[in-house]
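Fold and geometry: a report
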There are 4 protein chains.
Amino acid sequence: MEKISKNILNQVITPREPESYKGNYGKVLIIAGSTQFGGAAIMCSSAAIHSGAGLVTVATTPEKFTAINVKIPEAMTIDYHDKKALLTAIINNQVIAIGPGLGTSNIAKGLVKAVLNNTKTDQTVILDASALTIIAEEKIPLQTTANIILTPHQGEWQRLSNLAITEQIELNNQTNLHELNPDALLVLKKHQSEIYYHDQASKITVGNPGMATGGMGDTLTGIIAGFVGQFGFSLETVQAALFLHSEIGDKLNEKNYVVLPSSIIEKIPKYMAKFSSRDK
Amino acid sequence: MEKISKNILNQVITPREPESYKGNYGKVLIIAGSTQFGGAAIMCSSAAIHSGAGLVTVATTPEKFTAINVKIPEAMTIDYHDKKALLTAIINNQVIAIGPGLGTSNIAKGLVKAVLNNTKTDQTVILDASALTIIAEEKIPLQTTANIILTPHQGEWQRLSNLAITEQIELNNQTNLHELNPDALLVLKKHQSEIYYHDQASKITVGNPGMATGGMGDTLTGIIAGFVGQFGFSLETVQAALFLHSEIGDKLNEKNYVVLPSSIIEKIPKYMAKFSSRDK
Amino acid sequence: MEKISKNILNQVITPREPESYKGNYGKVLIIAGSTQFGGAAIMCSSAAIHSGAGLVTVATTPEKFTAINVKIPEAMTIDYHDKKALLTAIINNQVIAIGPGLGTSNIAKGLVKAVLNNTKTDQTVILDASALTIIAEEKIPLQTTANIILTPHQGEWQRLSNLAITEQIELNNQTNLHELNPDALLVLKKHQSEIYYHDQASKITVGNPGMATGGMGDTLTGIIAGFVGQFGFSLETVQAALFLHSEIGDKLNEKNYVVLPSSIIEKIPKYMAKFSSRDK
Amino acid sequence: MEKISKNILNQVITPREPESYKGNYGKVLIIAGSTQFGGAAIMCSSAAIHSGAGLVTVATTPEKFTAINVKIPEAMTIDYHDKKALLTAIINNQVIAIGPGLGTSNIAKGLVKAVLNNTKTDQTVILDASALTIIAEEKIPLQTTANIILTPHQGEWQRLSNLAITEQIELNNQTNLHELNPDALLVLKKHQSEIYYHDQASKITVGNPGMATGGMGDTLTGIIAGFVGQFGFSLETVQAALFLHSEIGDKLNEKNYVVLPSSIIEKIPKYMAKFSSRDK
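Residues numbered from 1 in each chain as written. Chains lettered and ligands numbered in written order. Predicted model: local features only at pLDDT ≥ 70, side-chain atom pairs only at ≥ 80, totals over all residues. Heavy atoms only, no water.

What chain A contains, in helices and strands, is eleven helices and ten strands. Taken over C-alpha atoms, the radius of gyration comes to 17 Å for chain A, in line with the 19 Å a tight globule of 280 residues would show. For the C-alpha atoms alone, the extent of chain A along its principal axes is close to 45 × 45 × 35 Å. Within chain A, buried positions represent 64% of all 280 residues. For chain A, long-range pairs separated by at least 24 residues make up 70% of all intrachain contacts whose partners lie at least 6 apart in sequence. On chain A, roughly 9,800 Å² of surface is accessible, and the fraction owed to carbon and sulfur atoms is 48%. Charge-centre separation for chain A: the mean point of 24 positive side chains lies 5 Å from the mean point of 25 negative side chains. (Helix = DSSP H or I, 4+ residues; strand = E, 2+ residues; numbered from the N terminus. Rg over C-alpha atoms; globule rule 2.2 N^0.38 Å. Buried < 20%, exposed > 50% of the residue type's maximum accessible area, 1.4 Å probe, protein only. Contact = heavy atoms within 4.5 Å. Areas by Shrake-Rupley, 256 points an atom, 1.4 Å probe, with all protein chains shown as cover. Lys, Arg positive; Asp, Glu negative; His and termini not counted. Charge placed at Lys NZ, Arg CZ, Asp CG, Glu CD.)

Structure, rendered in C-alpha cells:
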C-alpha cells in the first residue's frame, strides 16, 4: 500500500491568489451536535475554520449556539430542526459534513437522509460518526451524485461493511467500499489510517497514541471539510488533510503526553503555512 | 489613486493625555447579531474594545448576552428589542456601528431606521453588512446629519450604488457615493480596499488572501468604531483603521496560512503601541 | 500628600505559611452584575481569585452563572434574588464587595441595604460603582460596624460628598469622608488615585491613560477584595492593592496601547510573586 | 511514613502502545456540579481529560452543559436527573468520580447511593467533597465491590472517621479507614497529603500554600480519575496522580504567588511528558 509522504502538503496547500475572497475558499455546512454531544460540533467546525474554509455554518440544536458563538465566533449557526432553513443550507453549501455528536435519534436519521437526497454533483458529502452508524443500521443507500467521503473508525467500518476488524484488509476494504458506492472515498481511521478511493489505497505512517482521546475524529472531519472547501475534492486533498492532522499531532506529542483536539485545532494555520508550498 | 502609507498610523495613533478618562475615548454602540449570526456581534465589539474605545455597548438579541459576557466582559449589553433603551443608547453614544450579523428581518429594518432617524451632528454612524443590504433593498435615504461611514464589500456596494463590480471604478464610485450622500465616507472592501470621501480617493496595498474568511469585515467595522471613538471622525482616522487591520493581517499571515479575525483582534493593542507615535 | 512607594508590595504581600488552607486566605462575596452589566461581575470576581482570595462567591442574577462558570470556574455562585441564601452569604463571608455592574434597580437598593444592615466588626465591606450611586441617591447612612472601603471615581465621589470635582482637594475629601463615616477608607479613583483613611492621605504616581477603559474599576475592586481577604483590612493592604493594579497596568502599557482589564487580571499571580517579599 | 518520590511518575506514566485507541485509556464518568457550584464539574472533568482519560462523560445539571461545552468540548454530558441514562452511564464507565460541587440535596444523596449500589469489581469509585459529606451524614455504608478511593480534606475526614483533626495520626487513620471499608484507599488532603491503603501509609512532601484556593481538590480528583482510567487502579497510580498535581503546583508557584486550578490543568499534558518514562 502506498505510503502518503509529507510532500502531499506542499502539493495540496498552494498559495492563495492575491485577488480572492472568502467565497473562493468554500462554503461548508457542518451538521453536528446534540444535547449530550455538544463539543463534537464545536471541534469539527472550529477545525474547518482554522483549516481555511471561507464560510462555515453549523446546523445543530439551538441550545448549543451560545457555546459555538463563544468558541468559534467566525461560524454561523442554524437550527437543524428548521427543515426549510436546513434544506436551503444543504443546497447552498459546497461541502456538507454530517455526523459528529449527532446521535442516532429520529431527527438525526432524517438529517442524514435529507443530505443524501438533496446533494448533487459538485458538492461533497462527508459522512462521519453517528451518520455512519445510522447508514449502517438503517441500510440507507449512498445514492447522492455528490462526492462522498466516509470517515469511519474500525468499529464503524465493521458495521458499514460487515467486515470484522481482522478481515479489514486492503482487498476486502476496496471490494466492500465499491459495493456501498464505487465512487466513494474511504478514510479508515486506525493506527496508520488508510484511504481507499477507486482502485487506489494509501496510508499514513504519522500519528501517535497520545492522540487517542475523544474528539480527535471530529477534528479530522473538520479539517477534511475545510480542505475540500478550499482545495476542491480529490484524493490528494483528503490525503493532505489526514496527513496534516497526524503531523500536527506528532509535533505536539513531542512535548505533550496526550494531545487534545483543541490543541491541534489551534495550530492548524501555523502548520499549514509551514508545510505549504507558499514560501518554496 | 493615493496609496495610504504606514505613516498614517503614526499620525492618527497619538499618545494619550496622562490625565484622561474612559469618557475621553468614546462611547461606542454596536447594533449587531441575531440568532443565526451571533459571532459577528462578538467580533465587532471585541475589535472596538481592543482598539481602545472607552466604553462599548452591544445592542443585540438577549440570547447572545452570555457569549458576549464570556468573550468581552468589558462590553455592556442591551436588548435591541427594547425600543426605549435602544433610543436612549442611540442618543447617548458618539459612535453607532450597525449591521454585522443583524440579518434583514423587520426588526433589523426598524433598527436601521431608528439609527438614521435619531442621530445628528457630532455623532458618527457606521453602516455595515446587513444594514447596507437593508438600505439598498428598502431604498432608505441616508438622511442623518451625523457623519456617515459605509463599509460595503463589492457585492454590497453593487446593491447600494447599482454599479456592477466591473463598473466600480474611481469616478463612478465617487459619483454614486455622492448621490447617496455627498458627505458620506465609503470604505470599499476588496483586494486593495479603497476609501472615498468628498473628492478624495485612496487605497491600501497591504492585506492578503489569508484574511479571506468569515468575520473579517465585522472586525474591521469594530476597529473603525474604536478609532472614531477615540481619535474623532476624519478621513485619516478611517484610513488608519483600515491600514492597521490589514497590516496586522499581514504580520500574522507570515506565520499563518489563514488569519482568523479573533487572532487579529487579540493583537490590536500591541500593534497600536508599535505603530503609534507614542515612542517616537 | 504621601506618595505610595513600590515597597508597599513587599511589605503587604508576605510569604504564605507552609501549613495553611484556603480558609486562611479569606472568604469573599462579590455582589455584582445585572442583565445589562454581566461583565462587571466576571472581572471583579476573577480579579479577586487571581489576587489570591481563598474562596470567592458571586451573588448575581442567575442568567450570568454560565458566563461566570466559563470564565472563572473557581468561583461559586448564588442568586441574589434569594434573600435567605444572600443573607447567609453576607454573614458568612469576611469580605463583601458590592456594586460592579449592579445597576440602581430596587433589587440593587435592597442588596446595598442588606449588606450595610447585616455586616459587623471583623468584616470588610467594599462599596463600589452602583452601590455608591445608590447610597448617594437614597442617602443611606454608612452605619455598619464592619470596615468600610469606598472606591468612587471623581463623579461618584461628587455625588457622595457633594464636592464638585474642583473642590476635591485633600482637606475637603478628608472632612467629607469623616462626615460619611469617620472610620471609612476612601479610594478616590483618578489620575494618580488617592487614598484617605482617618487622618492619612496618600496617592499613587503609577498608572497610565491606556487603562482608561470600561471594567478597570471593577478589576481594582476585585483586587482590593482579594487582598483584604488574605492580608487583612488595613490602610497598607488597600495601598498595595491599588499600587499593584496600576503597576501591572504600566508594565502592560509598555507594549500595549490600551490595557484591557482581562489582561491585567491574568498577570496578577505573576506580579504578586515578582513584587512580594517571598524571595527576598 | 514512606515519602512518595518523584520516581513514582516514571514508574506509572509509561509510554502508550503505538497501536492503541481511546477505548484503551479509560471511560470516566464525573458526577458533579449543581446550580451554585458549576465550576467544580468543569475543573474536575477538564483535569481528567488533560490527564489522558480516553473518554469523559460529565453527569450534571443540564444548565451547566453550555459552560462544559465551551471549556471542555472533548467531554460528553448527561443530565443526572435522568435516572435511566445515569444508571447506564454508571454501569458502562470504568471509573466513576462523584462529589465535586454536587451539594447535599436529596438528588445528590440519590446519586451517591446509585453509584454505590450499581458499581462492582473492575470499576473504581472516587468519592470526593459533597459525596463524602453525604456518606458521613447519612451513614451510608461503603458496600460496593468496586475499588474505592476517598479524597477528603481534614474536615471531611473528621466527619467520615469521627477523628478530630488532632487525632488524625497514622494508626488512627488506618484503623478508622478499615472500619469504613478494609479495601478502600484514602487520600487525606492536607499540608503534605497522605495516602492510606491496606497496611501502607505514604505521603508527599511536594505542594505549596499558593495552591490553597477553591477548586484545587476538584482538580486532583480529575487527575486521579484520568490516571486510574488509563493506568489502572493501584496504590502507585494514585500516588502518581497526587504527586503530579503538587509537582505542577510547585513549578507554577515558582513564578506565581497563587496557583489557580485552571493553570495546573493546562500544564498536565506537558508535565506528564516531562516526567514520564517515555523518553528514558
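That shown, we press on.
Before going further, it helps to spend a moment on the UniProt feature "domain: YjeF C-terminal" (unreviewed entry) in chain A. According to UniProt, the positions carrying the feature "domain: YjeF C-terminal" (unreviewed entry) are residues 5-275 of chain A. With 47% helix and 14% strand, residues 5-275 of chain A has end C-alpha atoms that lie 12 Å from one another. (UniProt positions renumbered as here; feature names shortened; annotations may be inferred.)

Residue placement: N253 of chain D occurs in helix α10 (residues 235-253). A distance of 3.4 Å separates a polar atom in the side chain of N253 of chain D from the backbone oxygen of Y257 of chain D. (Polar contact = N/O pair within 3.5 Å; in protein donor to acceptor, adjacent residues only side chain to side chain.)

Further remarks concern the interface of chain B and chain A. Interface size is commonly expressed as the accessible area that is lost once the parts come together. Contacts between the two partners involve 31 residues from chain B, matched on the other side by 34 residues from chain A. For the pair chain B and chain A, the summed buried area comes to about 2,600 Å², and 59% of that belongs to carbon and sulfur atoms. The largest share of the area that chain B buries against chain A comes from H191, P209 and Y257 of chain B, three residues that together contribute 29% of it. Across the contact surface, chain B and chain A share zero salt bridges. Applying the counting criterion to the chain B and chain A interface returns 13 residue pairs in polar contact (both at pLDDT 80 or more). Mapped by element, the contributors of at least two residues to the side of chain B that touches chain A are α2 (38-50), α3 (65-71) and α11 (261-275) of chain B. Element by element, the count of residues in the side of chain B that touches chain A is highest for α2 of chain B, at five residues. Residues of the side of chain B that touches chain A, tallied by class, amount to twelve nonpolar, 13 polar and six charged. (Buried area = accessible area lost by both parts, 1.4 Å probe. Salt bridge = Lys/Arg side-chain N within 4 Å of Asp/Glu carboxyl O. Nonpolar A, V, L, I, M, F, W, Y, C, P; charged D, E, K, R; others polar.)

Let us look at the environment of I204 of chain A. Residues and elements named next belong to chain A. One can find I204 in the loop between β10 (200-203) and α9 (216-231). Classification of I204 as buried rests on a relative accessible area of 1%. Each C-alpha atom of the pair I204 and I49 lies 24 Å from the other, and the pair is 155 residues apart in sequence. Excluding residues within four positions of it along the chain, I204 makes contact with I4, Q192, S193, L242, F243 and S246.

Under the counting rule described, the total for this entry stands at 16 aromatic pairs over all chains. Each ring, one from Y271 of chain C and one from F275 of chain C, has its centre 5.7 Å from the other, and the planes form 20°; the classification is stacked. Separated by four residues within a single helix, Y271 of chain C and F275 of chain C lie in helix α11 (residues 261-275), roughly one turn from each other. Overall, Y271 of chain C belongs to the buried group, its relative accessible area being 7%. On the basis of relative accessibility, which here comes to 9%, the residue F275 of chain C falls in the buried class. Chaining the aromatic ring pairs together yields one cluster made of F227 and F231 of chain A together with Y257 of chain B. Lying across the ring of Y25 of chain A, R16 of chain A places its NZ or CZ 3.6 Å from the centre. (Phe/Tyr/Trp six-rings, centres within 6.5 Å; stacked < 30°, edge-to-face > 60°. Lys NZ or Arg CZ within 6 Å of the ring centre and 35° of its normal.)

All names here are of chain B. Overall, mixed pairing links the ten strands, which are arranged β1-β10-β9-β8-β7-β6-β5-β2-β3-β4 in an open sheet. With one partner strand each, in any of the chains shown, β1 (2-3) and β4 (76-79) form the two edges of the open sheet. Sheet topology note: the strand β2 (residues 27-31)/strand β5 (residues 95-98) ladder contains four bridges and is parallel. Counted as the bridge partner of L29 is I96 from β5. Sheet contacts for α2: β2 and β3 (55-60); angle to β3, the most-contacted strand, approximately 170°. (Pairing = 2+ DSSP bridges. Axes fitted to C-alpha atoms, helices over the stretch in contact; angles between N-to-C directions.)

Backbone hydrogen bonds hold the strands of a sheet together, and the pairing may be parallel or antiparallel. All names here are of chain A. The ten strands lie next to each other as β1-β10-β9-β8-β7-β6-β5-β2-β3-β4, forming an open sheet whose pairing is mixed. Here the strands that pair on one side only, and so sit at the sheet edges, are β1 (2-3) and β4 (76-79). Taken together, the four bridges between strand β3 (residues 55-60) and β4 define a ladder with parallel strand orientation. Looking at the pairing, A59 lines up with I78 of β4. Lying over the sheet, helix α4 (residues 83-92) contacts β2 (27-31), β3, β4 and β5 (95-98), oriented at roughly 135° with respect to β2.

Further remarks concern the UniProt feature "binding site: AMP" (unreviewed entry) in chain A. All names here are of chain A. Taken from the UniProt record, the annotation "binding site: AMP" (unreviewed entry) applies to K189, K190, H191, Q192, S193 and G217. Look at the named residues: they lie 29 residues apart in sequence, but the longest C-alpha span between them is just 13.8 Å, so in the fold they bunch up. Within the element layout of this structure, K189 appears in the loop between β8 (185-188) and β9 (194-197). When its relative accessible area of 14% is taken as the criterion, K189 is described as buried. Discounting chain neighbours no more than four positions away, the residues touching K189 are D128, T151, P152, H153, Q154, G217 and L220.

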